[in-house]
Amino acid sequence: MQSQCLIDGQWVAASDGRTFAVTNPATDEVIAEVPSLSASEATIAVEAAHDAWPAWRSRTAADRGALISKLAHLMRRDAEQLAQLMTLEQGKPLAEARGEMAYGTAFLDWAAEEGKRLYGEIIPASVTNKRLLVLRQSVGVCAIITPWNFPSAMITRKLGPALAAGCTVVIKPAEDTPLSALAIGELCMEAGIPHGVVNIITGEPNALGEAMLNDSRVRKLSFTGSTEVGKLLMAKASKNLLRLSMELGGHAPFIVFDDADVDHAVASAMACKFRNSGQTCVCANRFYIQDGIYDRFVSKFTTLIEQLKIGDGRTEGVHVGPLINNDAIAKVEAHVDNARSHGGTVRLGGERTMLKGLADRFYAPTLIEKCTADMQIAREETFGPVAPIFRFKDETQVIEHANDTEYGLAAYFFTQNASRLMRVAEALDYGIIGANDGVPSTTQAPFGGVKHSGFGREGGKYVMAEYTELKYVSWGMVPV
């Protein structure tokens, strides 16, 4: 287990010796102490990335891709240890951690190949003595700030394309889950990625964030996290007019029409809602079920929710682990209490689950009926294992309700009517649409939102534009 920061190829502690504890959310056990770096040390990391950039961008795309592929190979080799470490510091069930390792490694595989396809263009000139060229070149030093809910995949989804494009990076992982990031850093060194190309720093987020955003050598920020923090970072990034990619909060509707395959919709709802204990930005947050199949859906959904096993993620067979920290479980409790006070009926769950020998941070998978638009849970992202159910009558009504939010990351709907499928997909104001699909995220497709869910795209060929600049060259030819 690596517990020091990576700067310019060296593992370093804070110069003043300060550290902070990383704990297991399931047990409150202290796993490790990691450095709490200062702003000046963040600046040293930026300097290392800036110094490494010229040589890294000068390498061929094939050379960079080979090193990224080596990193992917090493992550696959150590996938079980990395998954165990992730569950230890994040709490998600081990089966999900293993799945995240496969998902995260796939981003590296894709980027290693996609970097070879960063094509430029030749534009037909309007005069005979000119040639017009368009080049794609790397942005430069990238600040990467990642969340705790997917501590490996959210790094590789950004790191792979950044490296493939010829950028160097300074990664600041979430304070709750820095160990997965540092483990990836260790494998970067083993893969032979040159010193300074990948730097990983841990510490107080405001101090480190400001140090990176105030440094004119940083030319790009890629952030995944809450909308509130994203807005603060965006304001600070304006000082140096940074390129930005913002993957922010969500509030996903999950719509089931009368003509849907109910069994398929229920199975998709389980995967979409309770993965990572509901702590994903794309998980279903509002369930809209049409009158004709409402009772059937809720009955089947209830039966499957009752079968979920809660516990320490390291225990085989567990489906729902702990919430990440005390603030997270307090927010879930507040949303459920508010729903109750507004007339909601808690059909399942609705309280903490006390487990012998474990922390008081487990919340029972919850289903709430008779939900209304004035409830907190209808307006805010819950980030927990709670499924609020809303009944609706017609298509126009449900689209209006689904779009009635400042967020626009992911939305889901289920129908067997082809015309309705296209109508609703076009009408929903979201960046990602799961049409008869509760798990649409995949390596080769664009991932990102609209409105207050951010901008920019990760995944597929689309992400490469986020880490490159276009340069236009007008080549005047000397007459013979």
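Residues numbered from 1 in each chain as written. Predicted model: local features only at pLDDT ≥ 70, side-chain atom pairs only at ≥ 80, totals over all residues. Heavy atoms only, no water.

Caption draft 1: Quick look at the overall build of the protein. Of regular secondary structure, the protein possesses 14 helices and 20 strands. For the protein, whose C-alpha radius of gyration is 23 Å, the value lies close to the compact-globule estimate of 23 Å for 480 residues. For the protein, with 480 residues in total, the buried portion stands at 55%. Within the protein, residue pairs in contact and separated by at least 24 positions form 73% of the contacts whose partners lie at least 6 positions apart. Here the protein displays about 19,000 Å² of accessible surface, and carbon together with sulfur accounts for 52% of that area. Across the protein, the mean location of the 47 positive side-chain charges is 5 Å away from that of the 56 negative side-chain charges. (Helix = DSSP H or I, 4+ residues; strand = E, 2+ residues; numbered from the N terminus. Rg over C-alpha atoms; globule rule 2.2 N^0.38 Å. Buried < 20%, exposed > 50% of the residue type's maximum accessible area, 1.4 Å probe, protein only. Contact = heavy atoms within 4.5 Å. Areas by Shrake-Rupley, 256 points an atom, 1.4 Å probe, with all protein chains shown as cover. Lys, Arg positive; Asp, Glu negative; His and termini not counted. Charge placed at Lys NZ, Arg CZ, Asp CG, Glu CD.)

Caption draft 2: Broad picture of the packing of helix α2 (residues 61-77) against helix α5 (residues 153-165). Two elements in contact, α2 and α5, have axes separated by 8 Å at closest approach and are oriented at 155 degrees. What the angle tells us is that α2 and α5 run roughly antiparallel. Read as a crossing pair, α2 and α5 show a hand that is right-handed. Between α2 and α5, the contacting residues are R64, I68, L71 and M75 on the first element and T156, L159, G160, L163, A164 and A165 on the second. (Axes fitted to C-alpha atoms, helices over the stretch in contact; angles between N-to-C directions. Parallel < 35°, antiparallel > 145°, perpendicular 65-115°, else oblique. Left-handed = near helix turned anticlockwise from the far one by under 90°.)

Caption draft 3: Structural view of empty space enclosed by the protein. Following the criterion strictly, the structure yields 3 cavities of 30 Å³ or more and no others. When its volume is computed, the largest cavity comes out at roughly 60 Å³. Lining the largest cavity we find F107, W110, A111, R157, P161, T443, G459, G460, V463 and M464. Elements that contribute at least two residues to the lining of the largest cavity include exactly α4 (94-114) and α5. Broken down by element, the residue count for the lining of the largest cavity peaks at 3 residues, all from α4. The residue inventory of the lining of the largest cavity, partitioned by class, reads 6 nonpolar, 3 polar and 1 charged. Taken as a whole, the second largest cavity holds about 50 Å³ of empty space. Around the second largest cavity sit K158, S222, F223, S245, M246, E247, F447, G448, F455, G456, R457 and E458, which together line it. If you list the elements that add at least two residues to the lining of the second largest cavity, you get β10 (218-224) and β11 (243-247). Sort the elements by how many residues they give to the lining of the second largest cavity and β11 lands first, with 3 residues. (1 Å grid on protein atoms, 1.4 Å probe; cavity = no way out; pocket = protein on both sides within 12 Å on 5 of 7 lines; lining within 4 Å. Points joined across faces, edges and corners; volume = space filled by probe spheres on them. Nonpolar A, V, L, I, M, F, W, Y, C, P; charged D, E, K, R; others polar.)

Caption draft 4: Spotlight on the environment of R286. Within the secondary structure, R286 is located in strand β13 (residues 284-290). By relative accessible area, which is 1% here, R286 ends up buried. Taking the C-alpha atoms as reference points, R286 and N403, separated by 117 residues in sequence, lie 11 Å from one another. Ignoring sequence-local partners within four residues, the contact set of R286 consists of H251, A252, P253, F254, I377, A378, P388, F390, H401, A402, T405 and Y430. Engagement of the side chain of R286 in a polar contact is seen with the backbone oxygen of H251, the distance being 2.7 Å. (Polar contact = N/O pair within 3.5 Å; in protein donor to acceptor, adjacent residues only side chain to side chain.)

Caption draft 5: View of the sheet that holds strand β5 (residues 121-123). Taken in spatial order, the 3 strands of this open sheet run β5-β6-β20, and their pairing is antiparallel. The sheet terminates laterally at β5 and β20 (468-476), the two strands that pair on one side only. Recorded for the sheet is a direction-independent mean angle of 25 degrees between the axes of neighbouring strands. Summarising the sheet, strand β6 (residues 130-138) and β20 pair through 9 bridges and their orientation is antiparallel. (Pairing = 2+ DSSP bridges.)

Caption draft 6: Local environment of the side chain of D312. Residue placement: D312 occurs in the loop between α10 (294-306) and α11 (326-341). Classification of D312 by relative accessible area gives buried; the value is 9%. In this structure the side chain of D312 is engaged in a polar contact, spanning 2.9 Å, whose partner is the side chain of R314. Filtering out sequence-adjacent residues up to four positions away, D312 remains in contact with A26, T27, V318, L358 and F362.

Caption draft 7: Layout of the sheet that holds strand β18 (residues 432-435). What the 7 strands build is an open sheet, ordered β14-β15-β16-β13-β12-β17-β18; its pairing is mixed. Of all the strands in the sheet, just β14 (345-348) and β18 have a single pairing partner and so form its edges. In this sheet, neighbouring strand axes are inclined to one another by 25 degrees on average, regardless of whether the strands run parallel or antiparallel. Note: β14 against strand β15 (residues 366-369), 3 bridges, orientation antiparallel. From the neighbouring strand, T345 faces β15, where its bridge partner is E369.

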